[in-house]
Amino acid sequence: MASSALWPEIIVELTFSLTPDLMLVMKFGGTSVANAGAIRQLISIVREKNNPRMLVVVSAMSKVTDLLISLYQQAAGHDAAYLDLITQLEAKHMEAIEDLVPMSQQIEIKGRIKMIFRELEDVCRGIYLLDELSDNTKARVMAYGERLSSAIVSVAFQHHGLPNTLVDSRDYIITDTTYLNAKVNLKATYAQMQDLPQVELIVAPGFISRSADGKTTVLGRGGSDYTASLYAAALQAEALEIWSDVDGMYTTDPRKAAAAYSIEELSYEEAMELAYFGAKVLYPPTIAPLVSAKIPLVLKNTFNPSHKGTLITANPAPSQQNVKGISCIDHIAVLTVSGSGMVGVPGVAMRLFKAVALECINIYFITQSSSEQSITIGLAEAEGEKAVQAISQEFSDDISQGLLNPVSLETPMSIVALVGNGMIQQPGIAGKAFSLLGDHQINIRAIAQGATERIISVVLNTNDAHRAVNLLHDCFFVSTPEPSAATLA
Ligand SMILES: Nc1ncnc2c1ncn2[C@@H]1O[C@H](COP(=O)(O)OP(=O)(O)O)[C@@H](O)[C@H]1O
Ligand SMILES: N[C@@H](CC(=O)OP(=O)(O)O)C(=O)O
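Just so it is clear, the structure is predicted and the values come from calculations on it, not from any experiment. (Residues numbered from 1 in each chain as written. Chains lettered and ligands numbered in written order. Predicted model: local features only at pLDDT ≥ 70, side-chain atom pairs only at ≥ 80, totals over all residues. Heavy atoms only, no water.)

K.L.:
Got a minute to help me understand the overall build of the chain in this structure?
P.N.:
Counting its secondary structure elements, the chain contains 17 helices and 17 strands. The globule rule puts the C-alpha radius of gyration for 489 residues at 23 Å, and the 25 Å found for the chain is close to it. Restricting to contacts in the chain with at least 6 residues of sequence separation, those with at least 24 account for 75%. Accessible surface, the chain as shown: approximately 21900 Å² in total, 54% of it carbon and sulfur. (Helix = DSSP H or I, 4+ residues; strand = E, 2+ residues; numbered from the N terminus. Rg over C-alpha atoms; globule rule 2.2 N^0.38 Å. Contact = heavy atoms within 4.5 Å. Areas by Shrake-Rupley, 256 points an atom, 1.4 Å probe, with all protein chains shown as cover.)

K.L.:
Would you explain the environment of Ser319 in this entry?
P.N.:
If you trace the backbone, Ser319 turns up in the loop between strand 11 (310-313) and strand 12 (325-338). A sequence separation of 191 residues divides Ser319 from Tyr128, and the C-alpha atoms of the two residues are 56 Å apart. In this structure the side chain of Ser319 is engaged in a polar contact, spanning 2.8 Å, whose partner is the backbone nitrogen of Gln321. (Polar contact = N/O pair within 3.5 Å; in protein donor to acceptor, adjacent residues only side chain to side chain.)

K.L.:
Any chance you could explain the UniProt feature "binding site: ATP" (unreviewed entry) in the chain here in plain terms?
P.N.:
Feature annotation in UniProt assigns "binding site: ATP" (unreviewed entry) to the following positions: Lys27, Phe28, Gly29, Gly30, Tyr250, Arg255, Lys280 and Val281. Checked against the element boundaries, Gly30 lands in the loop between strand 1 (23-28) and helix 2 (36-47). For Gly30, the contacting residues outside a window of four places in its chain are Ser59, Ala60, Met61 and Ser62. Each residue touching Val281, except ones within four places of it in the same chain, is listed here: Asp225, Ile242, Ser244, Val246, Gly248, Met249 and Leu299. (UniProt positions renumbered as here; feature names shortened; annotations may be inferred.)

K.L.:
Honestly, the pairing of strand 6 (residues 208-211) in this entry has me stumped. Any pointers?
P.N.:
Regular strands have side chains that alternate between both faces of the sheet. Sheet topology note: the strand 4 (residues 174-175)/strand 6 ladder contains 2 bridges and is parallel. When the bridges of strand 6 are listed, Thr175 appears paired with Ser211. When strand 6 meets strand 7 (residues 216-218), the two strands line up antiparallel, connected through 3 bridges. When the bridges of strand 7 are listed, Arg210 appears paired with Thr216. Taken together, strand 6 and the strand that follows it, strand 7, pair antiparallel across an intervening segment of 4 residues, in which Gly214 is found at a positive phi of about 90 degrees. (Pairing = 2+ DSSP bridges.)

K.L.:
Help me understand the sheet that holds strand 16 (residues 446-449) in this model?
P.N.:
Strand pairing in a sheet relies on backbone hydrogen bonds, with the paired strands running either antiparallel or parallel. With respect to topology, 6 strands assemble into an open sheet ordered 13-14-12-15-17-16, the strand pairing being antiparallel. What marks the edges here is a single partner per strand, and that holds for strand 13 (363-368) and strand 16. Geometrically, the sheet is characterised by an average inter-axis angle of 30 degrees between neighbouring strands, direction not taken into account. Relative to strand 14 (residues 374-380), strand 13 runs antiparallel, the two being bridged by 5 bridges. Its bridge partner being in strand 14, Gln368 is matched across the sheet by Ile375. Each of strand 12, strand 13, strand 15 (408-419) and strand 17 (455-461) touches helix 10 (residues 268-276); the most contacted strand, strand 12, lies at about 60 degrees to it. Contacts between helix 15 (residues 429-439) and the sheet are confined to strand 15, strand 16 and strand 17, with strand 17 contributing the most and set at about 15 degrees to the helix. (Axes fitted to C-alpha atoms, helices over the stretch in contact; angles between N-to-C directions.)

K.L.:
What am I meant to see in empty space enclosed by the protein here?
P.N.:
Any space left empty among the atoms is revealed by the rolling of a water-sized probe across them. A full pass over the atoms with the stated rule returns 1 cavity of 30 Å³ or more. What the largest cavity holds in volume is close to 30 Å³. The wall of the largest cavity is formed by Val416, Leu418, Ala433, Phe434, Ile456, Val458 and Leu472. Elements with a minimum of two residues in the lining of the largest cavity: strand 15, helix 15 and strand 17. A class-by-class count of the residues in the lining of the largest cavity yields 7 nonpolar, no polar and no charged. (1 Å grid on protein atoms, 1.4 Å probe; cavity = no way out; pocket = protein on both sides within 12 Å on 5 of 7 lines; lining within 4 Å. Points joined across faces, edges and corners; volume = space filled by probe spheres on them. Nonpolar A, V, L, I, M, F, W, Y, C, P; charged D, E, K, R; others polar.)

K.L.:
Sorry, what's going on with the sheet that holds strand 3 (residues 165-166) here?
P.N.:
Pairing is mixed across the open sheet formed by 8 strands, whose spatial order is 3-5-2-1-8-10-11-9. The open sheet terminates on both sides in strands that have one partner only, identified here as strand 3 and strand 9 (265-267). Pairing analysis gives 5 bridges linking strand 8 (residues 239-244) to strand 10 (residues 297-301), with the strands arranged parallel. Residue pairing across strands places Ile242 opposite Leu299, the latter belonging to strand 10.

K.L.:
Just checking my understanding: could you explain the site of ligand 2 for this structure?
P.N.:
Taken together, the neighbourhood of ligand 2 is formed by Lys27, Gly29, Gly30, Ser59, Ala60, Thr65, Glu146, Phe207, Arg221, Gly222, Gly223 and Ser224. With respect to ligand 2, the side chain of Lys27 contributes an N or O atom lying 2.7 Å from an oxygen atom. Thr65 places a side-chain nitrogen or oxygen 2.8 Å from a nitrogen atom of ligand 2. Isolated, ligand 2 exposes 340 Å² of accessible area, and the fraction of that covered by the protein chains is 82%. (Near = heavy atom within 4 Å.)

K.L.:
Would you take a moment to explain the pairing of strand 5 (residues 201-205) for this structure?
P.N.:
Burial within strand 5 is extensive, with 5 of its 5 residues counted as buried. Pairing between strand 2 (residues 53-58) and strand 5: 5 bridges, direction parallel. Bridge pairing links Val56 to Val203 in strand 5. Across 2 bridges, strand 3 lies against strand 5 in parallel orientation. From the neighbouring strand, Thr165 faces strand 5, where its bridge partner is Ile202. (Buried < 20%, exposed > 50% of the residue type's maximum accessible area, 1.4 Å probe, protein only.)

K.L.:
How should helix 6 (residues 135-142) be read in this particular structure?
P.N.:
Side chains three or four residues apart in an α-helix point the same way, a direct result of the helix having 3.6 residues per turn. Among all positions in helix 6, only Asn136, Thr137, Ala139, Val141 and Met142 are buried. Check the buried side of helix 6 and you find it contacts helix 3 (64-76), helix 5 (106-130), helix 7 (144-158) and strand 7.

K.L.:
In this structure, what is going on with the layout of surface pockets? I would like to understand it.
P.N.:
There is about 210 Å³ of room inside the second largest pocket. The wall of the second largest pocket is formed by Thr251, Tyr261, Ser262, Ile263, Glu264, Glu265, Ala317, Pro318, Ser319, Gln321, Lys324 and Phe477. Within the lining of the second largest pocket, the residues separate by chemical class into 5 nonpolar, 4 polar and 3 charged.

K.L.:
I would appreciate a short explanation of the nonpolar core in the present structure.
P.N.:
Generally speaking, nonpolar side chains in soluble globular proteins are found buried as a group. Counting 59 residues, the largest nonpolar core has Met26, Phe28, Val46, Leu71, Ile113 and Phe157 as its most contacted members. Contact partners of Phe157, with chain neighbours within four places excluded, come to Leu42, Ile43, Val46, Val56, Leu162, Asn164, Leu201 and Val203. Counting residues in each nonpolar core, the second largest holds 58 residues, with Leu230, Ala234, Tyr250 and Ala448 among its members. (Core = buried A, V, L, I, M, F, W, Y, C linked by side-chain atoms within 4.5 Å.)

K.L.:
Where do I start with the site of ligand 1 in this structure?
P.N.:
By nearness alone, 17 residues border ligand 1, and Thr31, Asp245, Tyr250, Arg255 and Lys280 come closest of all. Burial of ligand 1 by the surrounding chains reaches 91%, relative to a free accessible area of 570 Å². Its residues placed into classes, the shell around ligand 1 shows 6 nonpolar, 6 polar and 5 charged.

K.L.:
Sorry if this is basic, but what is going on with the packing of helix 4 (residues 82-100) against helix 5 here?
P.N.:
The relative placement of two packed helices is expressed as an angle between their axes plus a distance between the axes. Closest axis-to-axis distance for the helix 4/helix 5 pair is 11 Å, and the angle between their directions is 165 degrees. Looking at the two axes, helix 4 sits roughly antiparallel to helix 5. Between helix 4 and helix 5 the crossing geometry is right-handed. Between helix 4, through Tyr82, Leu83, Ile86, Leu89, Glu90, His93, Met94, Ile97 and Glu98, and helix 5, the contact on the second element is made entirely by Gln106, Ile109, Lys110, Ile113, Lys114, Phe117, Arg118, Glu121, Cys124, Arg125 and Tyr128. Along the lines of polarity and charge, the residues of the contact of helix 4 with helix 5 split into 11 nonpolar, 2 polar and 7 charged. (Parallel < 35°, antiparallel > 145°, perpendicular 65-115°, else oblique. Left-handed = near helix turned anticlockwise from the far one by under 90°.)

As structure tokens, then:
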């Protein structure tokens, strides 16, 4: 009779053997397919897996999506240099093929890639000649990046002993017609995904999708993570692995704080908050499909695969850290509606949010002064002016009668967020953070604590953001918080 200590292994073994077709979904981001060397690393990682069924989602080669955006902007701006950019992009992809595939086997894939580039050239010529650049066209051009990279990775797998089937995610992910940030129709998508080929290895492009009327859409910048979690949820995968160029989710952006280090485990909610407030390593909508399907997510480093990365699940191991991570999101605008005419007048907030909602503007935070004399909202800087116009229009009578002040807009602002389940019911963390910033002459423009207490966010001038992140990181994560050079900068 096996001892109880063995039971978990036996149960896992039994479960696995009962469901032999458990799928592993892996997603490799732009840095992991940046060039032939990165793709060879990706291949070695996939080849070492022994899962009976795998689905690999890939993003466009690093920076290619940005270049495709420049491409359609140049074409729309009647800048004939767009043709040079297409030549540059084609050479980049051909170089990867020549480095990955034996010369004798290059003809077919090169022919396919050339056809895709001729199609891209025709679309750009249309933009150039017709002066047409709708969101539909922008999405169509942006989608070429993943179409190209997935075709190249599929052929590279083939020639490195990994037979596979290349699919087009536009055949499986059905969305609305918000072309550049498409909303996924989960029911239709999960139903479509049941028709995926029953093969050992599938390669799929991330980021791209299709509206019900057949137009190409994209899931928003960084959206390949979400592509992968949709596949994982629809196929009830045993796990989702997201591979990038860092050892998982760090205590803050390692580019902003040298002392940042990889977090071992996070809850779904903590990961979602950290991602929402700036941790670019994970695209925020990625988490939701995994939560309902109870699928663990592991963030790994393509260039350091032996590092265990970050495990994200419903019940992470208990941690001594009350604050698990610090995120920062820049390019925020702070918009304020204020005036004595607001006090005691019901419906002001509803009118404010309706005006913003009609413009499809996302709100990052809301704060209201206790005197009810002002409401402040945080939104993306790029949507600031549109929001000011919409709200000024909504309250034009109140403003002209002097009941409300003209709508104010402050930029550039940043949101710095402290995230951690351990903050719940833990008094003193907010006070410690605020006094630390105050002691270093950093003005806090607004404070927002989520209803769950799992997050405390402060709004401050972007010029102070880098110092604030390092101060807070030194305070909550560095045992001997000697201010780092960045902090003192
Ligand atoms: N809290 C964080 N933890 C880890 N990486 C972060 C965090 N915040 C921002 N980043 C940045 O996210 C980058 C990885 O995301 P991304 O550039 O999208 O990779 P990929 O293109 O491979 O998907 C890292 O290089 C890192 O600089
Ligand atoms: N290539 C798309 C989608 C994406 O998710 O890319 P990455 O995995 O490199 O963040 C973008 O740049 O937005």
